[in-house]
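Each chain, letter by letter, is given below.
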Amino acid sequence: MGLDFFPYDCEVLRPSGEYNEYDEPITTSIFVGKCDVQWDNSKTTLAGEIEYQSNPVLFVDSQDILLKINDIIKVQLANNRNVTCTIENFNTVKDLDIGGTQVWVKEMKEDEQ
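Residues numbered from 1 in each chain as written. Predicted model: local features only at pLDDT ≥ 70, side-chain atom pairs only at ≥ 80, totals over all residues. Heavy atoms only, no water.

S.K.: For this particular structure, what's the right way to read the state of the cysteines?
M.R.: Defined simply, a disulfide is a covalent bond joining two cysteines at their sulfur atoms. Inspection of the entire model under this criterion finds zero disulfides. Of all cysteine sulfurs, the one in Cys 35 lies closest to Cys 10, which takes part in no disulfide; the gap is 3.1 Å. A relative accessible area of 4% means that Cys 10 is categorised as buried. (Disulfide = S-S within 2.5 Å. Buried < 20%, exposed > 50% of the residue type's maximum accessible area, 1.4 Å probe, protein only.)

S.K.: Explain the sheet that holds strand β5 (residues 57-60) to me, please; I cannot follow it from the model alone.
M.R.: The strands making up a sheet are joined through hydrogen bonds of the backbone, oriented either antiparallel or parallel. The strand order β1-β2-β5-β8-β7-β6 describes a closed barrel built from six strands, whose pairing is antiparallel. In this sheet, neighbouring strand axes are inclined to one another by 45 degrees on average, regardless of whether the strands run parallel or antiparallel. As judged from the nine bridges shared by strand β1 (residues 8-19) and strand β2 (residues 25-38), these two strands associate in the antiparallel manner. What sits directly across from Leu 13, in β2, is Ser 29. (Pairing = 2+ DSSP bridges. Helix = DSSP H or I, 4+ residues; strand = E, 2+ residues; numbered from the N terminus. Axes fitted to C-alpha atoms, helices over the stretch in contact; angles between N-to-C directions.)

S.K.: Got a minute to help me understand the confidence of the model for the protein chain in this structure?
M.R.: In regions of low pLDDT, the predicted coordinates are not meant to be interpreted in detail. Within the protein chain, residue pLDDT values average 78, and 74% of them lie at 70 or more. No element of the protein chain has a lower mean pLDDT than strand β3 (residues 44-47), at 47, and none a higher one than β1, at 93. (pLDDT = per-residue confidence, 0-100.)

S.K.: I tried to follow the pairing of β2 on my own but got confused; where do I start?
M.R.: Residues in a regular strand point their side chains to alternate faces of the sheet. The hairpin formed by β1 and β2 contains five residues between the paired strands, and Asp 23 there has a positive phi angle of roughly 65 degrees. Inspection of the sheet shows β2 paired to β5 by four bridges, in the antiparallel sense. Among the inter-strand pairings, Asp 36 is bridged to a residue of β5, identified as Phe 59.

Put into structure tokens, the structure is as follows:
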């Protein structure tokens, strides 16, 4: 049995710049697939004596997505927990064993059930 490097379901949405009657952004789905989320549980990173806010990093199981900064990612985590975040930056990783796109996100919050 191999390791599951991309255990969660995710969807990348691109905002159109328009909003519906509930003031929610109108979006287009540009990717549906698998991803992984990694974050520092302390939510801060120390470098010497300086403390930085640490944002989660996602790894998306695709190298062929045309992502843009401020695209929205919805992730279904374990126990049907859903989080939504916004892309801050990204980098495609080409590797024979585990390739994909590394995505730095901002504003990750858990969706209300």
